[in-house]
Amino acid sequence: MSVLIFLAIVAIVGYLIFWVFVPLARGALYDPSSPEQADLMAKFADVKEGARCADLGSGDGRVVIALAKDGAEAHGYEVNPLLVLIARRNIRRAGVADRAFIHWRSFWGADLTRFQVITVFQVDFIMSRLERKALHELLPGSRIISHHWKFPTLEPESRRSDIYLYRIP
């Protein structure tokens, strides 16, 4: 019985570390978009073959995969090492490893100037800081697709369900 209790405690501590504390310390909890929402975000991005896209807080890689399947060179930024491993496995299984990449690092330090499309599913309390970063780094005409959360001052160009399309002025 004590072995079961020990294993349960180890499982709970592991869960808290990888799925709650690490993500909260760096940004947001892992709350994945559904496969349908990930596909809608990719379709809404309207990427052309070879477009460079980034998913900020890429989780298990489903949005990165959807963008790559639509022809983009898709990069994901994720701080949770377990999710990075899962995303890389999912990318290999999806057959898009030649154009989908997951970076184990925070997107806050990433240079976004090389991307034409950014996708995000973050939380309310970082959207103001993220808006400043996007306006500073993205070129005019770049698109941002946000799932659920809105930017404080940018106005969405269009909306489908709870997916918002923004364009950098």
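Keep in mind the model is a prediction, meaning the values are calculated, not measured.

1. Looking at a positive patch on the surface
Then, number 1: Together, Arg88, Arg89, Arg92 and Arg93 give the surface a local cluster of positive charge.
Then, number 2: For arginine 92, a relative accessible area of 57% translates into the label exposed.

2. Things to note about the nonpolar core
Then, number 1: Core analysis: the biggest nonpolar cluster contains 26 residues, and Val47, Leu67, Ile91 and Ile145 have the highest contact counts within it.
Then, number 2: For this core, the secondary structure elements donating two or more residues are helix H2 (35-45), helix H3 (62-69), helix H4 (81-94), strand S3 (100-104) and strand S7 (163-167).
Then, number 3: Among residues more than four places away in sequence, those in contact with leucine 67 are Ala42, Ala45, Val47, Cys53, Ala72, Ala74 and Thr119.
Then, number 4: Counting residues in each nonpolar core, the second largest holds 22 residues, with Ile118, Ile126, Ala134 and Leu154 among its members.

3. Re the environment of arginine 105
Then, number 1: Residue placement: arginine 105 occurs in the loop between S3 and strand S4 (117-120).
Then, number 2: Residues arginine 105 and glycine 57 lie 48 residues apart in sequence; the distance between their C-alpha atoms is 9.3 Å.
Then, number 3: Apart from residues lying up to four places away in sequence, arginine 105 is in contact with Tyr77, Glu78, Val79 and Ala110.

4. Section: the side chain of serine 33
Then, number 1: Structurally, serine 33 can be placed in the loop between helix H1 (2-26) and H2.
Then, number 2: Looking at serine 33, its side chain comes within polar contact range of the side chain of histidine 147, at 2.9 Å.
Then, number 3: Once residues lying within four places of it in the same chain are set aside, the contact partners of serine 33 are Ala38, Met41, Arg62, Phe121 and His147.

What counts and what doesn't
Residues numbered from 1 in each chain as written. Predicted model: local features only at pLDDT ≥ 70, side-chain atom pairs only at ≥ 80, totals over all residues. Heavy atoms only, no water. Patch = residues over 30% accessible without salt bridge, like charges linked within 9 Å, V, L, I, M, F, W, Y side chains within 5 Å. Areas by Shrake-Rupley, 256 points an atom, 1.4 Å probe, with all protein chains shown as cover. Salt bridge = Lys/Arg side-chain N within 4 Å of Asp/Glu carboxyl O. Lys, Arg positive; Asp, Glu negative; His and termini not counted. Charge placed at Lys NZ, Arg CZ, Asp CG, Glu CD. Buried < 20%, exposed > 50% of the residue type's maximum accessible area, 1.4 Å probe, protein only. Core = buried A, V, L, I, M, F, W, Y, C linked by side-chain atoms within 4.5 Å. Helix = DSSP H or I, 4+ residues; strand = E, 2+ residues; numbered from the N terminus. Contact = heavy atoms within 4.5 Å. Polar contact = N/O pair within 3.5 Å; in protein donor to acceptor, adjacent residues only side chain to side chain.

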